[in-house]
Amino acid sequence: LNSTSDAILITDAQPLGEPGPKIIYVNEAFKKMSGYTAEDVIGRNPRLLQGPDSNYDELKELGQKMRRWESSEITVLNYTKTGVPFWVHFAVSPVANEKGWFTHWISVQRDVTELKKQEAEKELLIQINQSFKEEELISAANRLCENLYAFGKFDLIELWCPNMEQTQLKSSFSLGPARSTWDALDLQR
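Residues numbered from 1 in each chain as written. Predicted model: local features only at pLDDT ≥ 70, side-chain atom pairs only at ≥ 80, totals over all residues. Heavy atoms only, no water.

## Thoughts on helix α5 (residues 137–152)
Inference 1: For α5, spanning 16 residues, the distance from its first C-alpha to its last is 22 Å, which sits close to the expected 22 Å at 1.5 Å a residue.
Inference 2: Turning to α5, its buried residues number three or more, namely Ala-140, Ala-141, Leu-144, Cys-145 and Asn-147. On an axial view of α5, the arc spanned by its buried residues comes to 165°, and they lie on one face. (Helix = DSSP H or I, 4+ residues; strand = E, 2+ residues; numbered from the N terminus. Expected span 1.5 Å × (residues − 1). Buried < 20%, exposed > 50% of the residue type's maximum accessible area, 1.4 Å probe, protein only. Arc of directions from axis to C-beta.)

## What about the sheet that holds strand β2 (residues 23–26)?
Inference 1: Taken together, five strands build an open sheet; the order of strands is β2-β1-β5-β4-β3 and the sheet is antiparallel. Edge positions in the sheet fall to β2 and β3 (72–79), since each has one partner strand and no second. Here the strands of the sheet are splayed against their neighbours by 25° on average, with no regard to which way each runs.
Inference 2: Here helix α3 (residues 56–67) sits on the sheet in contact with β3, β4 (85–96) and β5 (102–111), set at roughly 140° to β3. (Pairing = 2+ DSSP bridges. Axes fitted to C-alpha atoms, helices over the stretch in contact; angles between N-to-C directions. Contact = heavy atoms within 4.5 Å.)

## Let's talk about the confidence of the model for the chain
Any region with low pLDDT has predicted coordinates that should not be read closely.
Inference 1: When pLDDT is averaged along the chain, the result is 84; 88% of the residues meet or exceed 70.
Inference 2: Note on residues 178–189: pLDDT is under 50 here. Beyond four places in sequence and across chains, it has 28 contacts. (pLDDT = per-residue confidence, 0-100.)

## Some points on the side chain of Thr-80
Inference 1: Mapped onto the elements of the fold, Thr-80 is located in the loop between β3 and β4.
Inference 2: Classification of Thr-80 as buried rests on a relative accessible area of 14%.
Inference 3: A polar contact of 3.1 Å, which involves the side chain of Thr-80, links it to the side chain of Thr-82.
Inference 4: With residues up to four places along the chain from it excluded, the contact list for Thr-80 reads Met-33, Ser-34, Tyr-36 and Phe-86. (Polar contact = N/O pair within 3.5 Å; in protein donor to acceptor, adjacent residues only side chain to side chain.)

## Structural notes on the pattern of salt bridges
Inference 1: Summed over all chains, the structure comprises five salt bridges.
Inference 2: Salt-bridge contacts for Lys-81 lead to Asp-40; the nearest nitrogen and oxygen are separated by 2.9 Å. Taken together, the residues span a long stretch of sequence, with Lys-81 in the loop between β3 and β4 and Asp-40 in helix α2 (residues 38–41) at a distance of 41 residues.
Inference 3: Residue Arg-68 pairs with Glu-70 through a salt bridge whose shortest N-O separation is 2.9 Å.
Inference 4: What makes Glu-70 partly exposed here is its relative accessible area of 31%. (Salt bridge = Lys/Arg side-chain N within 4 Å of Asp/Glu carboxyl O.)

## Considering the environment of Ile-8
Inference 1: Along the polypeptide, Ile-8 turns up in strand β1 (residues 7–12).
Inference 2: Between the C-alpha atom of Ile-8 and that of Ile-106, which follows or precedes it by 98 residues, the distance is 7.2 Å.

## A closer look at helix α4 (residues 113–134)
Inference 1: Here α4 spans 32 Å end to end across 22 residues, near enough to the 32 Å set by a 1.5 Å rise per residue.
Inference 2: Inspection of α4 places Thr-113, Leu-124, Ile-128 and Ser-131 among the buried residues, and these make up the whole buried set. Considered in projection along α4, the buried side chains sweep an arc of 60° and stay on one side of the axis. The exposed set on the far side of α4, more than 90 degrees from its buried face, consists of Lys-122, Leu-125, Lys-133 and Glu-134.
Inference 3: For α4, the secondary structure elements touched by its buried residues are β4, β5 and α5.

## Some thoughts on the side chain of Thr-113
Inference 1: Among the structural elements, Thr-113 can be located in helix α4.
Inference 2: One polar contact links Thr-113 to Asp-111, side chain to side chain, over a distance of 2.6 Å.
Inference 3: Once you skip the residues sitting within four places of it in the chain, Thr-113 turns out to touch Phe-86 and Trp-87.

What follows is the structure, encoded as C-alpha cells:
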C-alpha cells in the first residue's frame, strides 16, 4: 500500500452516523497529498479533510450510499492540514470478513487539482468567448469582469480601455468592494 502513488485511507465500517467511522490507516501518499501524518488522523473521522467550499450535498449522497453498503466514486474539494484546498477523486468500498460482515471501508484517492483547474480555465474562456459573441461591448466587458472576479476570487477587477485616439486610458469597468471607478489616465506619447 505504501508503494502506490494513490492515497489510501482505511476506516472502521461503523458508525456511519455521528461521529462516523474512524481512520485506522493512511499510506505515505495520503500524507504527501494532505499534509496530515498518521498520528494526526488515526482515530479521527475523514470529515477533518472537509472545509468551507466542500460540496456537502455530494458528501451527503456519499453517506447515503455508504449506509446501503454500496461502493461509490466522487470528486470533492478537501483541505490540507494547513488549510490549502485541493481536489480529490476517490473511490470508497466496503470490505467484508470471511463471514460476510462489513468490517472496514477502504478509499483510494487521487489528487485531481490540476485537472480541475484546467477544466475551470476552459469553462472561463468559453464564458468569455460567448459573452463577446452575444452581447454588446459594454455588457460583454462587464461580464468579463464578473467572470474573472468569480473565477479568481479577486478583491478587485478593473478593465482599462484606450479612447478612440489612443491618448487616454480609462478605467471603464471595475468590480470589487468599490464597484465602479471611472478614472482617466493621460498617456504620454
